[in-house]
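Structural characterization, general
Read off the chains here:
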Amino acid sequence: MPCCSHPSTPTRASDQERRDVERANSANLRASDKAIVLKDLPAWQRGVPVGLGVRALEQARMRAIADSPCGARLRAAGFVTLATTSTAPFGWGPWAATAQGHTRTPYDRTRASNGSSGGSAACVAVGAVAVGTGVDAAGSVRLPASWCGVIGHKPSRGLVPSSWAHPQVTEGIITRSVRDAAALLDVLSQPEPGSVFAAPRRLGGYAAALLRPLPPLRIAILDEFTNHTTTATREVVSLVGRRLAELGHHVETATPAGLYYEDPVRERGLAIHALLAQALADAGDLIGRPLREDEMEPYIAMMAQAGQSSTARHELQRVAAMQDWSRAFCRFWSDYEIGRASCRERV
């Protein structure tokens, strides 16, 4: 069950970096929990192997030349990087794989771990480490966490500084406990000058918030998400809603305005195509030649080809459409603290 694409020489912080750790509220993670695995995009650290899930890059033995914002925070907080983990090519796909094969969920090795952060989820699930990183746009942290039986958290946009230009992509967290997820979020959710998006950070920190009584919450059951799920799944979601109401929370069914607007959904897909076209070009620059067709998945080549026709004018139109869509969602979330939706079944 290959989940690590590159074992790494452990990287520790310098004395000065260790003194800086006082700013990062990481005391809630025990010293034994400070071993970590990094998804092979993009929370890199200087000297760590970089493959992006692309075999040609893995064979070229590329290494990161600098810390990403998240990589720097982890290093300063005293985390020891053990490996980078398997992912789909450029993180685009609901699976994870290395040259040795596809990553499986440790609970049933005939089934996939899902992805694209499946390598990190599988490593955490088997107990190799307590925490791992991932990247999530449309479920790449949450889906493999669900299929591997661990905690997967995609932070609000702008809470954790991202190395990606796409506004939907957020660097996320995979752990075995909510406590560890909160402590790791305290480490990563530090302000980053120049960030395109910035979200307010909880005063006092997230780990400390777990120790305080939970007030009644406003919770939405996103009923429109149940159209393509089984009756059993819908019943479980309804059961969760009833249980939350019994605990004193306000629960109601709701659908975010604009959820099914066709234009933003289409524009989001076209933006991903353009992003993949640029990623393929960047990968070619790194290895000194264009990637051949036999070195990429057919679906990657197809989407990248569609993205090559994108113009600056198209990109500005897409950004505007997606921002309008985002504002509709933000208005929805102003009325709720939590949204609960049905997930697809494991296959």
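Here is a short report on the structure shown in this document. (Residues numbered from 1 in each chain as written. Predicted model: local features only at pLDDT ≥ 70, side-chain atom pairs only at ≥ 80, totals over all residues. Heavy atoms only, no water.)

1. Describing helix α4 (residues 118–125)
Heads up, the rule is: Between buried and exposed lies partly exposed: a residue is buried under 20% and exposed over 50% of the maximum accessible area for its type, with that area taken using a 1.4 Å probe on protein chains only. By definition, any uninterrupted DSSP run of H or I lasting at least four residues is a helix, any uninterrupted run of E lasting at least two residues is a strand, and each is numbered from the N terminus.
Summarising burial for α4: eight of the eight residues are buried, a large majority. Within the span of α4, buried status applies to G118, G119, S120, A121, A122, C123, V124 and A125.

2. Overview of the side chain of D136
To keep things clear, this is the line we draw: Two N or O atoms count as a polar contact when they lie within 3.5 Å, although within protein this holds only if one can serve as hydrogen donor and the other as acceptor, and sequence-adjacent residues are included solely when both atoms are side-chain atoms. A contact between two residues is defined here by any heavy atoms of the two lying within 4.5 Å.
The topology assignment puts D136 in strand β10 (residues 131–136). Here G139 takes part through its backbone nitrogen, which lies 2.8 Å from a polar atom of the side chain of D136. A distance of 3.0 Å separates a polar side-chain atom of D136 from the backbone nitrogen of V141. Once residues lying within four places of it in the same chain are set aside, the contact partners of D136 are V141, R142, K154, Q168, V169 and T170.

3. Let's talk about unusual backbone geometry
Outside of glycine, negative phi angles account for most residues, and trans bonds account for most peptide bonds. A cis amide bond links G115 with the next residue in sequence, S116, at an omega value of 15 degrees. Turning to its location among the elements, S116 is positioned in the loop between β9 (108–112) and α4. A positive phi angle, near 60 degrees, is found at L52, a position not held by glycine. Among the structural elements, L52 can be located in the loop between β3 (49–50) and α2 (55–59). For F90, which is not glycine, the phi torsion reads 60 degrees and is therefore positive. Position of F90 among the secondary structure elements: in the loop between β5 (80–85) and β6 (97–98).

4. Some thoughts on the packing of helix α3 (residues 69–76) against helix α6 (residues 178–188)
Rules: Working convention: axes come from line fits to C-alpha atoms, limited for helices to the stretch in contact. Angles between N-to-C directions cover 0 to 180 degrees. By the definition adopted for this analysis, an angle is roughly parallel if under 35 degrees, roughly antiparallel if over 145, roughly perpendicular if from 65 to 115, and oblique otherwise.
Where α3 meets α6, the axes come as close as 9 Å, and the angle between the chain directions of the two elements is 110 degrees. Accordingly, the angle class assigned to the pair α3 and α6 is roughly perpendicular. Contact with α3, carried on its side by C70, R73 and L74, involves L184, V187 and L188 of α6 and no other residues of that element.

5. Considerations on the pattern of salt bridges
So the rule is basically this: Here a salt bridge means any side-chain nitrogen of Lys or Arg lying within 4 Å of a carboxyl oxygen belonging to Asp or Glu.
Under the definition given, this model contains 12 salt bridges. The residue R179 makes a salt bridge to D180 at a minimum N-O spacing of 2.3 Å. Its relative accessible area of 5% is what places D180 among the buried residues. The salt bridge partner of R243 is E246, with a shortest N-O separation of 3.4 Å. A residue pair is termed a helical-turn pair when its members lie 3 or 4 positions apart in one helix, as R243 and E246 do in helix α8 (residues 231–246) at three residues. Using a relative accessible area of 59% as the deciding quantity, one classes E246 as exposed. Each member of the salt-bridge network shares a partner with another, and the members are R289, R292, D294 and E295.

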